[in-house]
Amino acid sequence: MSDGQIVVSGLTKQFKRVRAVDGLSLVVEPGRVTGFLGPNGAGKTTTLRMLLNLVTPTAGTATIGGSRYADLDQPLRHVGAVLEASSAHKGRTGRNHLRVICAAAGFPARRADEVLDLVGLTPAAKRKFKGYSLGMRQRLGIAAAMLGNPRVLILDEPANGLDPEGIRWMRDLLRSLAAQGRTIFVSSHLLSEMELLAHDVIIIAAGRLVAQGPVEQVIGGMAGGGVRIRVRTPEPEKLVAELGSAATAQPGENGALLVTGVDAPTVGAAALRASVELHELVAERPDLERVFLELTAGKAAIR
Amino acid sequence: MTATTTTTAEPALGRPGPAPLRLMRSELLKIVTTKAWWLLLLGALAMLALAFLVNAIGADFAFGESAPEGIPAEDRAAFEASRNEVYQAANLYTSGQFFGLMFVMLLGIILMTGEFFHQTATATFLATPHRTAVVLAKLAVAALCGAVLWAVTTTLTVPATATFLQRYDVPSHLGDWPVQRAIMLNLLAYGIWGMFGVSLGVLIRSQIGATVTAVALYLIGTAAVQIILAILEQQLGWDWVSNVQYAMPAVASALMVTGTDLPGEPAWWVGGLVLVAYVVVAGGLGILINRRRDVS
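The rules behind these values
- Residues numbered from 1 in each chain as written.
- Chains lettered and ligands numbered in written order.
- Predicted model: local features only at pLDDT ≥ 70, side-chain atom pairs only at ≥ 80, totals over all residues.
- Heavy atoms only, no water.
- Helix = DSSP H or I, 4+ residues; strand = E, 2+ residues; numbered from the N terminus.
- Buried < 20%, exposed > 50% of the residue type's maximum accessible area, 1.4 Å probe, protein only.
- Contact = heavy atoms within 4.5 Å.
- Areas by Shrake-Rupley, 256 points an atom, 1.4 Å probe, with all protein chains shown as cover.
- pLDDT = per-residue confidence, 0-100.
- Pairing = 2+ DSSP bridges.
- Axes fitted to C-alpha atoms, helices over the stretch in contact; angles between N-to-C directions.
- Buried area = accessible area lost by both parts, 1.4 Å probe.
- Salt bridge = Lys/Arg side-chain N within 4 Å of Asp/Glu carboxyl O.
- Expected span 1.5 Å × (residues − 1).

Draft legend 1. Structural view of the overall build of chain B. For chain B, the helix and strand inventory stands at eleven helices and zero strands. Ordered by position from N to C terminus, the α and β elements of chain B give α-α-α-α-α-α-α-α-α-α-α. Sorting the 296 residues of chain B into buried and exposed places 48% on the buried side. Once local pairs closer than 6 in sequence are excluded, the contacts in chain B between residues at least 24 apart make up 77%. About 14100 Å² of surface is accessible on chain B, with carbon and sulfur atoms providing 69% of the total.

Draft legend 2. Quick peek at the confidence of the model for chain A. Across chain A, the average pLDDT comes to 88, with 95% of residues at 70 or higher. By mean pLDDT, helix 10 (residues 288-296) of chain A is the weakest element of chain A at 75, and helix 2 (residues 94-105) of chain A is the strongest at 96.

Draft legend 3. Seen up close, the sheet that holds strand 12 (residues 257-260) of chain A. All names here are of chain A. Taken in spatial order, the four strands of this open sheet run 11-12-10-13, and their pairing is antiparallel. Whereas interior strands pair on both sides, the edge strands pair on one side only; in this sheet they are strand 11 (248-251) and strand 13 (280-284). Between one strand and the next, the sheet's axes are offset by a mean angle of 25 degrees, whatever the strand orientation. Across the sheet, helix 8 (residues 236-243) is in contact with strand 10 (228-232), strand 11 and strand 12; its angle to strand 12 comes to roughly 5 degrees. Here helix 9 (residues 264-273) sits on the sheet in contact with strand 10 and strand 13, set at roughly 160 degrees to strand 13.

Draft legend 4. Quick peek at the interface of chain A and chain B. With 49 residues of chain A in contact, the opposing surface of chain B contributes 37 residues. In this assembly, chain A packs against chain B so that about 3600 Å² is buried in total across both faces, 54% of it on carbon and sulfur atoms. Along the contact surface separating chain A from chain B lie one salt bridge. Note that Lys13(A) is salt-bridged to Asp294(B), the shortest N-O span being 3.0 Å. Secondary-structure elements contributing two or more residues to the side of chain A that touches chain B are helix 2 and helix 3 (110-118) of chain A. Ranked by residue count, the leading element in the side of chain A that touches chain B is helix 2 of chain A, at eight residues.

Draft legend 5. Representation of the side chain of Ser188(A) within the structure. Residue and element names in this part refer to chain A. Within the secondary structure, Ser188 is located in strand 7 (residues 183-188). For Ser188, a relative accessible area of 3% gives the class buried. Among all residues touching Ser188, those that are not within four sequence positions of it are Phe36, Leu37, Gly38, Lys44, Glu157 and Met194.

Draft legend 6. Spotlight on helix 2 (residues 36-64) of chain B. Between its terminal C-alpha atoms helix 2 of chain B stretches 42 Å, which fits the 42 Å expected from 29 residues at 1.5 Å a residue. When helix 2 of chain B is considered as a whole, its buried residues turn out to be Leu40(B), Gly43(B), Ala44(B), Leu48(B), Phe52(B), Asn55(B), Ala56(B), Ala59(B), Ala62(B) and Phe63(B).

Draft legend 7. The sheet that holds strand 7 of chain A, seen in detail. Residue and element names in this part refer to chain A. Read across the open sheet, the six strands follow the order 5-6-7-3-8-9; overall the sheet is mixed. Only two strands of the sheet have a single neighbouring strand rather than two, namely strand 5 (79-82) and strand 9 (208-214). Taking each pair of neighbouring strands and ignoring which way they run, the sheet shows an average axis angle of 15 degrees. Here four bridges tie strand 5 to strand 6 (residues 152-156), and the two strands are oriented parallel to one another. Directly across from Gly80, in strand 6, lies its bridge partner Leu153. Sheet strands touched by helix 4 (residues 134-146): strand 5 and strand 6. Its angle to strand 5, the strand with the most contacts, is close to 165 degrees.

In C-alpha cells form, the structure reads like this:
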C-alpha cells in the first residue's frame with residue numbers, strides 16, 4: 001500500500017426496505033483530515049462499515065490504498081478504525097482488550113501499553129471496561145486503532161461522549177496525525193467541531209453524495225459566494241434603492257438588513273452616495289452548519 | 001509503507017507469527033481474561049464429584065448383587081455386561097462426563113456468541129477480515145479447552161477410581177484396552193463438544209438463544225425424545241425406532257464413550273460418527289452464513 005487514498009465508487013447498500021447507501025462515490029486524500037458529514041441515518045456508518053469489510057455492499061467498491069480491506073495483508077498495520085464506543089467485553093480490562101487484538105495481529109503485547117500511554121489511559125489500564133466513562137471508551141477505541149501504527153485512520157463519531165477537553169485533545173491528535181501524512185477520515189454530525197478539525201468535507205444525505213471538497217470551497221460554493229452583509233441603518237429603503245438590482249435584501253433581526261449578492265465595500269460606497277447613516281456593516285461568512293442545513297434540507301433523515 | 005511515513009518514532013511491531021497460531025492465541029486470551037471459564041470449571045468439578053459418587057454407588061451395587069430372578073434373557077445379558085468389572089471401571093474413569101460435556105459446549109457457545117453479545121466482533125474481524133479463519137481458530141481453541149477439562153477430570157478420576165476398585169479387590173484395569181479406549185474416547189468427546197458449542201454459536205448468534213437452546217436440547221430434549229421413542233416402540237412395536245435416539249448428540253456421545261459394547265446397542269463408533277457429522281454440518285453451515293453476514 002503505497003499511499004493511503006480511500007476511493008469509494010458506486011457504493012450501494014440495500015437493506016431489506018431501505019437503500020442506506022445509494023451509488024456513493026468519493027475520494028479521501030492522505031495528509032488531510034476529511035470530515036464525513038450527514039444527518040442521522042444518511043448512511044455514514046454503513047459506508048464506513050462497507051469500507052472495512054464488516055458490511056457486504058450490494059454494489060460498488062471501496063478501496064484503501066488501492067486494495068479492498070479484506071485483501072490487505074495484515075490490515076491493522078495499514079488501517080485503524082474506531083467504530084462504536086461500546087465495543088469491548090464489559091468484564092475485560094482495557095489492557096487485556098488491547099492484548100487480545102495484539103495477539104490476533106501478531107504485535108508484541110508491549111504495544112498495548114504503548115498505545116494506552118498515547119491516549120492517556122495508562123492509569124485505567126487494569127480497570128474493567130464496564131467501569132470506563134464514555135470518554136475513556138473513545139480513548140480505548142483510538143488506542144486500539146493506533147496499535148498497528150496505521151497510515152489510514154477511520155473514525156465514526158469519535159467526539160461522541162467526549163468533554164470539551166477531550167474534544168480538544170482529539171482534534172490536536174487527529175491534526176498532528178494528518179500532518180504526519182496519514183489519511184484521517186472522520187464522520188460526525190457535530191458541524192462546528194468539523195469546521196475546526198477538517199481540511200476537507202464530504203457531505204451525504206439519504207445515502208447520496210451532496211458535496212465534496214475543501215471546507216472553504218464547500219462553504220464558498222453556496223448561494224452568492226456565500227457571503228452575506230449585515231447592515232444597520234435608520235433609512236434602509238434609501239440604501240436598498242441605491243444598491244439597485246444586483247443586491248437582494250431582506251430584513252434581519254433587530255431591524256438589521258441582510259444583503260446578499262454584493263460585497264461589503266459596495267454596500268459602504270452605496271451608503272456614502274445615498275448619504276445614508278450606517279450603524280453597522282458586517283460581512284458574515286456562512287458557517288458549515290448553514291451550508292449543511294441548506295444542502296441536506298428536504299432529504300428526510302428517517303427513511 | 002515505512003518508507004513514506006514521517007512518524008517521529010516508528011514503533012517496533014515485530015514480525016507476526018503464522019496466522020492460525022496468532023488467532024488461537026488471541027482466542028485463548030479472550031477466554032482467560034474473562035471469568036466465564038472458571039465459573040464453568042467450578043460447575044464441571046462440582047458435577048464431577050456428584051457423578052463419581054453416583055457411579056461409585058452403581059458400581060457397589062453391581063459388584064454386590066447378582067441378576068434379579070425372572071427377568072428376560074436379553075435384559076439379563078445387559079445386566080451381566082454392566083456387572084463386568086471393565087465396564088464399571090471405564091464408567092468410573094469417565095465420571096462427570098455428562099455435565100462436563102455440557103460445560104465445554106457452553107464455553108464454545110460463549111466463545112462464539114460473546115463476539116456479538118459484547119460487540120467485540122467488530123474488533124475481531126477488523127484484525128482478521130478472513131472470518132472463516134476466526135471461526136476455525138475458535139473451533140480449535142474450544143477443542144483444546146475440552147481437552148484441558150478432560151485432563152483435569154481424568155487426573156482426578158484415575159486415582160479415585162483405582163482407590164475405589166481396590167476396596168473391592170478389583171484391579172485398576174488401566175492396562176486393559178477397553179478402559180484405555182474409554183478414556184481416550186472421553187477425550188475425543190470433550191474436544192468434539194467444545195467444537196459443537198462453537199458451531200451452535202455461529203448458527204444462533206444470540207448468546208441467550210444459543211445457550212438456552214443447547215441446554216434444553218441437552219438436558220430435556222434428549223430425555224423427551226427417548227421417552228417418546230420408548231412409547232412408540234412399546235405401542236407400535238417398531239423395534240428400529242429406539243435406534244433413532246442415537247441421532248441425538250448427547251445419546252450418541254454416551255454411546256461413543258461406552259468401553260464395552262452393550263447388547264442391543266449400536267457399536268461405539270456409530271456415536272462418534274453422529275457427533276462428527278453434527279460438528280461438520282453445523283460448523284460448515286455457520287461458517288458459510290458468517291462469511292457474508294453484516295457485522296454492525
